[in-house]
Amino acid sequence: MCNAVKKLLTVGGLLLLNLGLIHGVSAQSYAANVSLGLGNVVGFNHPQGKIQLGIMCVRSILEDRVQMGIEISMGGNFIPGDSEADDITRIEIIDAANANWTGIQYKGRYFLAGESLRPFVGLGIGANNYWFNVNTVEEETVNRWNFGFTPEIGLDINKFNLALRYIFGGSTPEFNGTRPVAYGGNEVVLTSENLNIILLTVGYTFSFN
């Protein structure tokens, strides 16, 4: 957890630095973007799919050509996924692709020329937390914090925006435990896997001035 705290402090420090650096810029505005993303993990057979909800608070500078701020997001399976124990070994293997995640990223977007129709590119850098509800005797939940980054490309249309983003989220946690006797007493195994996620997001930007 010490590494996770250091990462969060780093993200927070970058945000404060950004706010301080652009505080003196005359042409600036404030906004919040709320987005919903649908997609899946990369390299896994995962029919449940993934869904993400995010909110980004930003300052826009350089005549709204650049947005810089912080985004907080959370996601998981679009369709719930359950694991099943082997009838012979009584070992229940949790699929790493079923991970839930929470992210906090320092994010920037650069908008190309245009007014009502504006293509953009973006990049988020920060911390990503993969977590699972394991419900064992030892732990209810397990998690792992990672350094993560998210490039994206998109199109802004009169405050509505459509984007394709790729989450480099790091590795899932590793865990071994035992279900309570009332739930079968099976051994539970979760192996660590590197997990990346691709999403198509739809969002709306609320301007404050």
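Residues numbered from 1 in each chain as written. Predicted model: local features only at pLDDT ≥ 70, side-chain atom pairs only at ≥ 80, totals over all residues. Heavy atoms only, no water.

1. Here's the deal with the environment of T172
Turning to step 1, where the next piece is worked out: Mapped onto the fold, T172 is located in the loop between strand 8 (160-171) and strand 9 (175-178).
Turning to step 2, where the next piece is worked out: Once the C-alpha coordinates of T172 and A99 are considered, the two residues, 73 residues apart in sequence, prove to be 7.3 Å apart. (Helix = DSSP H or I, 4+ residues; strand = E, 2+ residues; numbered from the N terminus.)

2. Examining the sheet that holds strand 8
Turning to step 1, where the next piece is worked out: Strand order around the closed barrel formed by eight strands is 1-2-3-5-6-7-8-11, with antiparallel pairing between neighbours. Recorded for the sheet is a direction-independent mean angle of 25° between the axes of neighbouring strands.
Turning to step 2, where the next piece is worked out: Of the strand pairs in this sheet, strand 3 (residues 66-77) and strand 5 (residues 100-111) are connected by 10 bridges, and their pairing is antiparallel. When the bridges of strand 5 are listed, Q67 appears paired with R109. (Pairing = 2+ DSSP bridges. Axes fitted to C-alpha atoms, helices over the stretch in contact; angles between N-to-C directions.)

3. Some details on the pattern of salt bridges
Turning to step 1, where the next piece is worked out: Using the criterion set out here, one finds six salt bridges in the structure.
Turning to step 2, where the next piece is worked out: Residues E71 and K107 are paired through a salt bridge, measuring 3.4 Å at the closest nitrogen-oxygen approach. On the criterion of sequence distance, the pair formed by E71 in strand 3 and K107 in strand 5 is long-range, its members being 36 residues apart. K107 carries the same exposure label as E71, and that label is buried.
Turning to step 3, where the next piece is worked out: Between E92 and R179 there is a salt bridge, with the nearest N and O atoms lying 2.6 Å from each other. You can see E92 sitting in strand 4 (residues 91-94) and its partner R179 sitting in the loop between strand 9 and strand 10 (187-190), a full 87 residues away along the chain. Each of the two residues, E92 as well as R179, counts as buried.
Turning to step 4, where the next piece is worked out: When salt bridges with common partners are traced through the structure, they connect E71, K107, R109, E152 and R165 into a single cluster. (Salt bridge = Lys/Arg side-chain N within 4 Å of Asp/Glu carboxyl O. Buried < 20%, exposed > 50% of the residue type's maximum accessible area, 1.4 Å probe, protein only.)

4. Looking at the side chain of N98
Turning to step 1, where the next piece is worked out: With respect to the helices and strands, the residue N98 is situated in the loop between strand 4 and strand 5.
Turning to step 2, where the next piece is worked out: Overall, N98 belongs to the buried group, its relative accessible area being 12%.
Turning to step 3, where the next piece is worked out: Contacts of N98, omitting those with residues within four sequence positions, involve H46, Q48, K50, N77, G81 and F132. (Contact = heavy atoms within 4.5 Å.)

5. A look at unusual backbone geometry
Turning to step 1, where the next piece is worked out: With a phi angle near 50°, N158 is a residue other than glycine that sits in the positive phi range.
Turning to step 2, where the next piece is worked out: Following the sequence through the fold, N158 ends up in the loop between strand 7 (141-157) and strand 8.
Turning to step 3, where the next piece is worked out: Even without glycine at this site, K159 takes up a positive phi of about 80°.
Turning to step 4, where the next piece is worked out: Within the secondary structure layout, K159 lies in the loop between strand 7 and strand 8.
Turning to step 5, where the next piece is worked out: Using a relative accessible area of 38% as the deciding quantity, one classes K159 as partly exposed.

6. A closer look at the confidence of the model for the protein
Turning to step 1, where the next piece is worked out: Scored by pLDDT, the protein comes out at a mean of 86, with 84% of its residues at no less than 70.
Turning to step 2, where the next piece is worked out: Of all helices and strands in the protein, the one with the weakest mean pLDDT is helix 1 (residues 2-22) (49), whereas strand 8 scores best (97).
Turning to step 3, where the next piece is worked out: pLDDT under 50 marks residues 19-26. Its contacts with residues more than four places away, or in other chains, come to seven contacts. (pLDDT = per-residue confidence, 0-100.)

7. A look at the pairing of strand 9
Turning to step 1, where the next piece is worked out: The alternating pattern of strand 9 places F175 and G177 on a buried face, while none of N176 and T178, on the opposite face, is buried.
Turning to step 2, where the next piece is worked out: With four bridges joining them, strand 9 and strand 10 adopt antiparallel strand pairing. Residue pairing for strand 10: N176 is matched across the bridge by V189.

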